[in-house]
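Descriptive analysis of the structure
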Amino acid sequence: MADLAVKGVAPRNSDKKNYNAGINIIVDKIEQDAKSNTTDANTQTEWQLRITDSFAPFLLNPTLGANVSGQHYDDLESFFNTTYAKNIRAAGRAAKVPVTVDLEMLFGNAPGKEFVKQQFINNNVSLIKSIPERLHSQVQNVISDNFAKGFDREQLTNDIEQRFSVARSRAKLIANDQSNKAIGQLAQLRSLSLGANTYRWQTAEDDRVRPTHEALNDTIQNWNAPPAIGNPGEPINCRCIAVTIIDSDLLAAA
Ligand SMILES: [Zn+2]
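Scoring rules and cut-offs
Residues numbered from 1 in each chain as written. Predicted model: local features only at pLDDT ≥ 70, side-chain atom pairs only at ≥ 80, totals over all residues. Helix = DSSP H or I, 4+ residues; strand = E, 2+ residues; numbered from the N terminus. Buried ≥ 20, exposed ≤ 12 C-beta atoms within 10 Å, placed from the backbone. Contact = placed C-beta atoms within 7 Å. Core = buried A, V, L, I, M, F, W, Y, C linked by C-beta atoms within 7 Å. Pairing = 2+ DSSP bridges. Axes fitted to C-alpha atoms, helices over the stretch in contact; angles between N-to-C directions. Parallel < 35°, antiparallel > 145°, perpendicular 65-115°, else oblique. Left-handed = near helix turned anticlockwise from the far one by under 90°. Nonpolar A, V, L, I, M, F, W, Y, C, P; charged D, E, K, R; others polar. Expected span 1.5 Å × (residues − 1). pLDDT = per-residue confidence, 0-100.

1. Considering the overall build of the chain
- Per the secondary structure count, the chain includes 8 helices and 4 strands.
- Secondary structure elements in the chain, listed N-terminal to C-terminal, are β-α-α-α-α-α-α-β-α-β-β-α.
- When each of the 254 residues of the chain is scored for burial, the buried share is 31%.
- Within the chain, counting contacts between residues at least 6 apart in sequence, those at least 24 apart form 74% of the total.

2. As for the nonpolar core
- Ile-23, Phe-80, Ile-131, Ile-183 and Leu-186 are the most contacted members of the largest nonpolar core, which has 42 residues in total.
- Sorting the residues of this core by element identifies helix H1 (13–38), helix H2 (44–60), helix H3 (71–94), helix H5 (110–148), helix H6 (153–193), strand S2 (198–202) and strand S4 (241–247) as the ones contributing at least two each.
- With 10 residues, H6 is the single largest residue contributor to this core.

3. Focus on the pairing of S2
- Within S2, 4 of the 5 residues are buried, leaving the element largely enclosed by the surrounding structure.
- By the bridge criterion, 3 bridges tie S2 to strand S3 (residues 220–222) in an arrangement that is antiparallel. By the bridge assignment, Thr-198 is partnered in S3 with Asn-222.

4. Brief notes about the packing of H1 against H6
- At their nearest, the axes of H1 and H6 sit 9 Å apart, and the two run at 155 degrees to each other. If you check the angle between H1 and H6, you find them roughly antiparallel. Where H1 crosses over H6, the handedness of that crossing is right-handed. Packed against H1, whose contacting residues are Asp-15, Lys-16, Tyr-19, Asn-20, Ile-23, Asn-24, Val-27 and Glu-31, the element H6 presents Phe-164, Ala-167, Arg-168, Ala-171, Lys-172, Ile-174, Ala-175, Asn-176, Gln-178 and Ser-179 at the interface.
- Looking at the contact of H1 with H6, its residues break down into 8 nonpolar, 5 polar and 5 charged.

5. Topic: H1
- When the terminal C-alpha atoms of H1 are compared, their 37 Å separation across 26 residues agrees well with the 38 Å that a helix rising 1.5 Å per residue should span.
- Along H1, the residues classified as buried are Tyr-19, Gly-22, Ile-23, Ile-26, Ile-30, Glu-31, Ala-34 and Thr-38.

6. Things to note about H6
- Here H6 spans 59 Å end to end across 41 residues, near enough to the 60 Å set by a 1.5 Å rise per residue.
- Where H6 terminates, the next one or two residues include Gly-195, which has phi positive at roughly 75 degrees.

7. With respect to the environment of Thr-82
- Within the secondary structure, Thr-82 is located in helix H3.
- Its 14 C-beta neighbours within 10 Å are what place Thr-82 among the partly exposed residues.
- Note: C-alpha distance between Thr-82 and Asp-15 (67 residues apart in sequence) is 9.4 Å.

8. Notes on the environment of Glu-214
- Its place among the elements puts Glu-214 in helix H7 (residues 211–214).
- Along the backbone, Glu-214 and Cys-240 are 26 residues apart, and their C-alpha atoms lie at a distance of 9.3 Å.
- Dropping the residues within four chain positions of it, Glu-214 is found in contact with Thr-203 and Val-209.

9. Observations concerning the environment of Ser-169
- Note that Ser-169 resides in helix H6.
- Note: C-alpha distance between Ser-169 and Asn-20 (149 residues apart in sequence) is 9.6 Å.

10. Focus: the confidence of the model for the chain
- On average, the chain scores 84 in pLDDT, and the residues at 70 or more come to 85%.
- Throughout residues 62–70 the model reports pLDDT below 50, and contacts reaching past four residues in sequence, or to other chains, amount to 18 contacts.

11. Thoughts on unusual backbone geometry
- For Phe-151, which is not a glycine, the phi torsion comes out positive at approximately 65 degrees.
- Mapped onto the elements of the fold, Phe-151 is located in the loop between H5 and H6.
- Its identity as a non-glycine residue notwithstanding, Glu-205 has a phi of 55 degrees, on the positive side.
- Mapping Glu-205 onto the fold places it in the loop between S2 and H7.

In structure tokens, the structure reads:
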């Protein structure tokens, strides 16, 4: 019996960028509408109602994707499927599995995959929805603060723009963080489906790695009894990955 290390798959920057762009389509659309709806608004009520009009399609629709022509939910699903496919191909190469073996059967754990995928999509839809929700109440506050001080149109426009730019930073954070989380969840799924409970913690090995993550680099961990900060990808913006340790006899039997 020998142990094989199956390398984790790091999320690709292009995937993170696509995800981020998907959210920014929503933010851009609201900002454009808000600008054109408020050009001739003069009272607080006018501002507040017209701002709400700009947000309305994104606040009321429970399936956020419908607002960008049904695109977003599909994007999340295809993001997950692509990441999943890359993950099992990398596992196959690392474990030197013969091409005749069905990688999905070996690494895929199909029922678990559907569950993890659904969880990922649901969680991401609510994260994306939280962006316009939060932004809407922030902009409303900016409007009432401005009118409380006597209404300065230029100041108000600048302050609203500032809120939109904060929302864009938050969108970027979500895109990065969720890409890392998908990778982590898939590595866990793959490991556990092979009966491998342990993995080797691997950091991104650059100067952005936090000390608490650095301390775990190269240590052997158990999926079911993770370190205090969680499994790789679980802490916010964690770029660490899990190197799965599998018993090669399990592969031979497949
Ligand atoms: Zn990390």
